[in-house]
Every structure is written in structure tokens, then in C-alpha cells.
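# Remarks on the overall topology
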Amino acid sequence: MTCRDLIDVLDDYLDGRLERDEVAALERHLAECEACRAYLATYRKTRSLGARAGRVEMPDEMKTRLRRFLRERVG
Amino acid sequence: MPHGVIDSPAMTSDEQLLLSRAAAGDAGALEGLMGRYSARVYRLAYGITRNQADAEEIVQDVFLQLVLKGAGFEGRSAVGSWIYRVTTNVALNKRRGKRREVETPLDDCLPTFKADGHREGPRALLVADWSQRPDAELLSGEARQILDEAIDRLPEHYRAVLILRDVEELSNEEVADIVGDSVSAVKTRLHRARMALRELLTRRLGAEAR
Ligand SMILES: [Zn+2]
């Protein structure tokens, strides 16, 4: 397995969707490739950071305006 | 594994009731619908547009459509996926023609390889690993600004699949259904978005990591 092959299947690896022999090949490559170890670690971190950054909450004033907006137009 | 919010069982009669009461202007029912759906509509609308004023207009538009559609839904899962689909479409349309200059062509942010398939580039960058920095630190201060700028630079249809998958925790299949693309196209787009984001973060955070 090359770095390119590894990066191609990274999502499937992290989601547990690879076959057992593919996982073994990927982990053999990881054991000897520092760049891919760093890639995997930072890719996984990027995924979780993006998810956390995306959990924004609608501001309360916006909820109030939405409520008013709907009441004015419906019924 | 994502839990697939929209794969709920068929609509309960209480959902049907809520929708028809809301259509008739019942304040409590409107409140119930907001309680159920406004958080996800806002997250997705803001996540795609990255702009509060745009997100607010989208939330209003989507809720008005939802209420006017009233009891026309056949199941709770139909409401759930309808909400995501309409929000995505409205948000992408709003951004059309407003595309900011800061958006980076993604190709510049994807990993490059030598002919033999191994990574190419400055070694310090290739092995830079900032993943041990605590989330609390990365989600605040200067690092947070770097993260926000990196997210801003993604094209909006990439941000759409990222939010649906990673924030809303839908499956690839559900995301494909919502954005009207094949599962493999969605997987490719997600992977490219994450690679680009990782690259932008590593260029800014990686130097400090070693
Ligand atoms: Zn490698």
C-alpha cells in the first residue's frame, strides 16, 4: 500500500468499513510511514473539530423573530 | 456510527396534529415545530452560508414553507429529510452569485504524491501533527480563528455535506438523498472537504506543533 492508497480509503478505515486484509495492509503502512501517521491523526482531529465547530445554536433573538414572523403569516 | 436522525419510524399522529394545527396558526403548535426543527435548520443554514443574516432568512423561509405545507407530509421521516433538503437548496441558492473571493480552489489543498504513490512535499509539513492539542484550545482564541477561516474557504456545497454528515450525523446514504447525488459522489466530496480542511489547518497549526 502507498500513501496515496492509504489516504484514498481513510474515511472507510475510520468508519470501520474496510475488509480485514485491507485494514492489515493499511496498518502495516502506518507502522512504517510517519507522514501517514500524522495524516491520519490530523485528519481524524479535523473531522471532530469541524463537527464541534458546526454545533452552533440559534440566537434567542432570532427565535423570537422567527416566532413573530410565523404568527404574522400563518393562520 | 451516525445514528441517522431521519430514519425514524413513521409519523406519529402527534406530528400530524402538530403540522395541521400549525397550518391553522396555533401558537403552541408553531412552538412545537420550532422546538423540534429550528436548531437543525439553523445549524445547516449557518453552516452553508457562514452568515447569520442569511441563515436567519433561510430559517424563516424554510419554516414558512413547512407550515404552509402543513399536513401534506406522509411521515416523520418525510418531514426530517424534507427539512434538510429544502434548507440545503435554499442556502445554496442564496449563496449563488455571492461566492466570496476567499474560497480556495480545493486542488491546492489536496495531498500530492510522487510517481511511486508516496507523499511529496516538505518533510516538516508532512509529519506535522497538531492532533494532540486539546479541543478546548483549538476551539478558542487564535486557533479558532484559523479553523473558522479554513471552513470559510471551503466551497459551500462541500460545507453542506460536511454539516449533514459530521454535525447532523446522517449516513452517507441519507446525505446523498438530501443533496440529490450518488453515495460515491457524496463520499468523494466529503473526503476532499476534510482533506482540504486538514491541509489548511496543518499549514497554520502544524509549524507550532513540533
Ligand atoms: Zn505513507
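Each chain carries its own residue numbering, running from 1 in the direction its sequence is written. To read the labels, note that chains go from A and ligands from 1, taken in the order they are written. With the structure being a predicted model, the display of local features is reserved for residues of pLDDT at least 70 and the display and counting of side-chain atom pairs for 80 or more, all residues being used for whole-chain, interface and lining totals. Hydrogens and water are ignored here; the side-chain numbers use all heavy atoms of the structure.

## Looking at the domain arrangement of chain B
All names here are of chain B. Inclusion rule: An automatic or database domain assignment is the source of the domain bounds shown. It only takes one pair of heavy atoms within 4.5 Å for two residues to be counted as in contact. Buried area counts how much accessible surface, traced with a 1.4 Å probe, disappears from two parts once they are put together, with both parts' losses summed. For salt bridges, the criterion is a side-chain nitrogen of Lys or Arg within 4 Å of an Asp or Glu carboxyl oxygen. Residues are grouped as follows: Ala, Val, Leu, Ile, Met, Phe, Trp, Tyr, Cys and Pro are nonpolar; Asp, Glu, Lys and Arg are charged; all remaining types, including Gly, are polar.
When cut into domains, chain B gives domain 1 (9-96) and domain 2 (106-209). For domain 1 versus domain 2, the separation of C-alpha centres amounts to 29 Å. Taken together, the contact between domain 1 and domain 2 spans 13 residues of the former and 15 residues of the latter. Buried surface at the junction of domain 1 and domain 2, both sides included, amounts to about 1200 Å², of which 58% is carbon and sulfur. On the domain 1 side of the interface with domain 2, the three residues burying the most area are Arg50, Tyr84 and Arg85, jointly 42% of the side's total. Seen at the junction of domain 1 and domain 2, the total is 4 salt bridges. A salt bridge links Arg43 to Glu168; the shortest N-O distance between them is 2.6 Å. Classifying every residue of the side of domain 1 that touches domain 2 gives 4 nonpolar, 4 polar and 5 charged.

## A few points about the packing of aromatic side chains
Definition in use: Aromatic pairing here means that ring centres of Phe, Tyr or Trp (its six-membered ring) are within 6.5 Å. Orientation follows from the plane angle: under 30 degrees is stacked, over 60 is edge-to-face, and everything else is tilted. Going along the chain from the N terminus, every DSSP run of H or I of four or more residues is numbered as a helix, and every run of E of two or more is numbered as a strand. To sort residues, take the accessible area from a 1.4 Å probe on protein chains only and compare it with the maximum for the residue type: under 20% means buried, over 50% means exposed, and anything in between is partly exposed.
Inspection of the entire model under this criterion finds 2 aromatic pairs over all chains. With centroids separated by 6.2 Å and ring planes inclined at 25 degrees, the aromatic side chains of Tyr39(A) and Tyr43(A) adopt a geometry described as stacked. Taken together, the positions of Tyr39(A) and Tyr43(A), both in helix α4 (residues 34-54) and 4 residues apart, correspond to about one turn of that helix. Given a relative accessible area of 1%, Tyr39(A) falls into the buried group. Residue Tyr43(A) is classed as buried on the basis of its relative accessible area, which comes to 0%. Consider the rings of Tyr42(B) and Tyr46(B), whose centres lie 6.0 Å apart with planes at 20 degrees: the pair is stacked. Here the residue Tyr42(B) and the residue Tyr46(B) both occupy positions in helix α2 (residues 27-49), the gap between them amounting to 4 residues, near one helical turn. Across this residue pair, the class does not change: Tyr42(B) and Tyr46(B) are buried.

## Looking at the coordination of the zinc ion
Residues and elements named next belong to chain A. To keep it simple, the criterion reads: Because no water is among the atoms considered, metal sites can look incomplete, with donors defined as N, O and S atoms within 2.8 Å of the metal, or 3.2 Å for Na, K and Ca. Think of it this way: with four donors and all angles in the 85 to 135 degree range, the site is tetrahedral; with four or six donors, opposite ones beyond 155 degrees and the rest between 65 and 115, it is square planar or octahedral; otherwise it is irregular.
The protein atoms that coordinate the zinc ion are Cys3 (SG), His29 (NE2), Cys33 (SG) and Cys36 (SG), at distances spanning 2.0 to 2.3 Å. In this structure, the zinc ion is surrounded by 4 donor atoms whose angles at the metal cover 104 to 112 degrees, and the resulting shape is tetrahedral. Ordering the donors of the zinc ion by residue number gives the pattern C-x25-H-x3-C-x2-C. Within this pair, whereas Cys3 is found in helix α1 (residues 3-8), its partner His29 is found in helix α3 (residues 20-32), the two being separated by 26 residues in sequence. Accessibility expressed as a relative area gives 2% for Cys3, which makes it buried.

## Structural notes on the interface of chain B and chain A
Taken residue by residue, the interface counts 56 residues in chain B and 43 residues in chain A. Overall, the association of chain B and chain A removes approximately 4500 Å² of surface from exposure, summing both partners, and the carbon and sulfur fraction of that is 65%. Summed over the shared surface of chain B and chain A, the result is 8 salt bridges. Notably, a salt bridge pairs Lys45(A) with Asp135(B), separated by 2.8 Å at the nearest N-O pair.

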